[in-house]
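Okay, here's what each chain looks like letter by letter:
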Amino acid sequence: MTAITAVSVLSLAAVSAATPAPADAALVAGGPGPVISAAVTGGSGPVVADAAPLAGGDDSERAAGSVIPAGAAPVSGGGGSAPPAGSPLPPEAKAFGASIKLAALRGHLERLQSIADANGGTRAAATPGYAASLAYVADKLREAGYRLTSQEFKISFFREVATPVLKQTRPLAKKYVPGTDFRTMTYSGSGEVTAPVQAVDLVLPPRKGQESTSGCEASDFSRFARGNIALIQRGTCSFQAKAERAEAAGASGVIIFNDGRAGEGADNHKGLFGGSINTSTVRIPVVSADFATGEQLAARGTTVALVVQTEIAPDRRTRNLIAESTWGDPDRVVMLGAHLDSVMMGPGINDNGSGTAGVLETALAAKSLRTKNRLRFAFWGAEELGLLGSKYYVSALPPAERAKVKLYLNFDMIASPNYVFGIYDGNSSGEVISATPPPGSGQIERLLQTYFEAVGEPYQDADFSGRSDYGPFIGIGIPAGGLFTGAEGLKSTEEAKKFGGTAGVAYDKCYHQECDTIANINDKALLVNSGAIAAAAFTYGYADDLPHAPNNPPNAGDSRGSRGSKGSGVPGVPGKGAVVPGRPGTGAGGLESGHDHDHGGLLR
């Protein structure tokens, strides 16, 4: 622990010493040319005059030709031929994707695992493990010649300080297992209480196609007995709204359980889920539970003991890391990103060491390119607390700088052990539309589809919900896309036939848990998806027409279909926050207030 933490401190100290900067902006030295700082104020306040993040730069190194690493070959096991005529994927891009090697990707994951091991088993935002992770990525990118900015922002820090307890004391004695039957919701208050359980407007048995409104209306608590523990069903409104209404009615604790609707894959609403009550004023313990636990606790005369101990610090600081090429048109920025933080309870090697490794290795491979367009790579902090890093970055971009970002590609959980190859549904071809994709997002989806076709791999839609770090970008109209291999949802029989793996088992059974280690990674999914990341970066790096370019008509060439996808949707609520004005939001990675379905649910 000491050695890795010391490396982190030294690296960031070197960053600060390298270039004069405002007190709240750390600049990472190493790239040629001047570094323009991204100003941070610790909140959503104004950006200082010189704070256009990463704009401008010396274009003297631009070159028209593409550079393909020697010996590049198609991805191993792909079995694909060259892309079909008229494909948006250049053959050179496929070769560049094939240049990404598994050994390098796993090397990054092994380093992140060792960092977590040396820092209490976590790489969560505002912890030494996160600082060391950021230092590792920064050192790699600095050596590759990128211009780096470390952007600081304020977060409300949250962690559990003890293992939670939920046990039934009447009419039977039963102890429930944390992480299997229940889990503490992010930003839960602390408390130790034994009290009767009182059901709040439950729909039992669950009804097909009917989402529960339990706890969403003040009238649901009209007969609530003060001091009881509120048992609430998931559905319709945010977890925060349910918890706040329960506390206002005098509840001493809250248990929110899955609604129990049957289905396959992500349509199954029986398992345990993650969630957050956001940075609300709720001070009582709040936990989530699977359907079976909730159904048991709904029996008349049930009393439980509930113990939760948490720490909430509303004024901690953490950082994003932004790397930018010194070549390419600074007014045409192609941006790729992945969140770098884990949840507090584990090392987060799939979520999201996998996306981090794919984006990082793409950046390292791209150092030999001289693309027409500027390449920008982002490693976000505090995604697991509600997209806080990407939200802050977007909010701090002046309008002129926003206009330069032509597209954003996001990679969150790309190596789930029971994987599917999910591509964000940028053309809204699925039956359930959780957010409105900005024009151009369908073109991004089609490009990624073409890569999977070229390497001979199946794919399907992933819900374009705004529930990962692309959410703030589509909220301001920047076209986006990305890849996702599944989280806590259960794999369907159809998906198992298509992708292999095991039906009825979670895509990632270690999602948001201590066991999300390097042993939780599927190597094939990691390699194929990382090849797709590199191919997309290459394609858009050299593209004359970008999805957001003025001479490119909105959604021109968008495919309205998804190969092998029938689009049976994921019930839930619309996309993150401001994505769709006037509609409720969903959260990030299962952790923000509106999160009410799986992490980036998959459409089949």
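Residues numbered from 1 in each chain as written. Predicted model: local features only at pLDDT ≥ 70, side-chain atom pairs only at ≥ 80, totals over all residues. Heavy atoms only, no water.

Colleague: Would you take a moment to explain the packing of helix 3 (residues 102–118) against helix 13 (residues 523–542) for this structure?
Modeller: The angle between the axes and the distance between the axes are what describe a pair of packed helices. With their axes 10 Å apart at the nearest point, helix 3 and helix 13 run at an angle of 110 degrees to one another. Regarding the angle of helix 3 to helix 13, the classification is roughly perpendicular. Between helix 3 and helix 13, the residues in contact are Leu102, Leu105, Arg106 and Leu109 and Asp523, Leu526, Leu527 and Ser530, respectively. In terms of residue class, the contact of helix 3 with helix 13 is made up of five nonpolar, one polar and two charged. (Axes fitted to C-alpha atoms, helices over the stretch in contact; angles between N-to-C directions. Helix = DSSP H or I, 4+ residues; strand = E, 2+ residues; numbered from the N terminus. Parallel < 35°, antiparallel > 145°, perpendicular 65-115°, else oblique. Contact = heavy atoms within 4.5 Å. Nonpolar A, V, L, I, M, F, W, Y, C, P; charged D, E, K, R; others polar.)

Colleague: It is not clear to me how the packing of helix 2 (residues 91–98) against helix 13 should be interpreted in this structure. Could you clarify?
Modeller: Contact pair helix 2 / helix 13: the axes reach a minimum separation of 7 Å and the direction vectors enclose 140 degrees. By the criterion of interaxial angle, the relationship of helix 2 to helix 13 is oblique. As helix 2 packs across helix 13, the resulting crossing turns out to be right-handed. Across the interface between the two elements, Glu92, Ala93, Phe96 and Gly97 of helix 2 pack against Gly531, Ala534, Ala535, Phe538 and Thr539 of helix 13. When the residues that make up the contact of helix 2 with helix 13 are grouped by side-chain class, the tally is five nonpolar, three polar and one charged. (Left-handed = near helix turned anticlockwise from the far one by under 90°.)

Colleague: Teacher, can you tell me more about the pattern of salt bridges here?
Modeller: Think of it this way: side chains of opposite charge can pair up when their charged atoms draw near. Overall, the coordinates contain 14 salt bridges when judged by the stated rule. Linking Asp544 and Lys372 is a salt bridge whose minimum nitrogen-to-oxygen distance equals 2.6 Å. Of this pair, Asp544 sits in the segment after helix 13 while Lys372 is found in the loop between helix 7 (349–365) and strand 13 (373–380), placing the two residues 172 residues apart along the sequence. Overlapping salt bridges, with partners in common, bring together Glu152, Arg317 and Arg319 in one network. (Salt bridge = Lys/Arg side-chain N within 4 Å of Asp/Glu carboxyl O.)

Colleague: What's the story with the packing of aromatic side chains in this structure? I'm lost.
Modeller: To describe a pair of aromatic rings, one takes the distance between the centres and the angle between the planes. A complete count under the given rule lists 22 aromatic pairs for this structure. Consider the rings of Phe257 and Phe291, whose centres lie 6.2 Å apart with planes at 35 degrees: the pair is tilted. Taken as a pair, Phe257 in strand 8 (residues 253–257) and Phe291 in helix 6 (residues 291–297) lie far apart in primary sequence, 34 residues in all. As far as burial versus exposure is concerned, Phe257 and Phe291 are alike and both buried. Three or more aromatic residues joined by ring pairs make a cluster, and in this case those are Tyr419, Phe421, Tyr451, Phe452, Tyr459 and Phe499. Residue placement shows Arg316 over the ring face of Phe157; its charged tip is 4.2 Å from the ring centre. The ring of Tyr419 carries Lys491 above its face, with NZ or CZ at 5.5 Å from the centroid. (Phe/Tyr/Trp six-rings, centres within 6.5 Å; stacked < 30°, edge-to-face > 60°. Buried < 20%, exposed > 50% of the residue type's maximum accessible area, 1.4 Å probe, protein only. Lys NZ or Arg CZ within 6 Å of the ring centre and 35° of its normal.)

Colleague: It is not clear to me how the sheet that holds strand 6 (residues 191–200) should be interpreted in this structure. Could you clarify?
Modeller: Strand pairs in the sheet, formed through backbone hydrogen bonds, run parallel or antiparallel to each other. Here we have eight strands laid out as an open sheet, ordered 4-3-10-6-7-8-9-5, and mixed in their pairing. If you trace the sheet from one side to the other, it starts and ends with strand 4 (174–175) and strand 5 (182–184), each paired once. As judged from the four bridges shared by strand 6 and strand 7 (residues 229–233), these two strands associate in the parallel manner. Across the sheet, the residue bridging to Val200 is Ile232, located in strand 7. (Pairing = 2+ DSSP bridges.)

Colleague: Would you mind going over helix 4 (residues 128–143) with me for this structure?
Modeller: Compared with an ideal rise of 1.5 Å per residue, which puts 16 residues at 22 Å, helix 4 spans 23 Å between its outermost C-alpha atoms and is within 8% of the ideal. Just beyond helix 4, the residue with positive phi is Gly145, at close to 95 degrees. (Expected span 1.5 Å × (residues − 1).)

Colleague: What am I meant to see in helix 10 (residues 441–454) here?
Modeller: Each α-helix winds once per 3.6 residues, and so residues spaced three or four apart point in a common direction. When the terminal C-alpha atoms of helix 10 are compared, their 20 Å separation across 14 residues agrees well with the 20 Å that a helix rising 1.5 Å per residue should span. Along helix 10, twelve of the 14 residues are buried, which leaves the element largely enclosed by surrounding structure. Looking only at helix 10, the buried set comprises Ser441, Gly442, Gln443, Ile444, Glu445, Leu447, Leu448, Gln449, Thr450, Tyr451, Phe452 and Ala454. On its buried face, helix 10 is in contact with helix 2, strand 14 (405–411), strand 15 (422–424), strand 16 (460–462), strand 17 (480–484) and helix 13. Just beyond helix 10, the residue with positive phi is Gly456, at close to 75 degrees.

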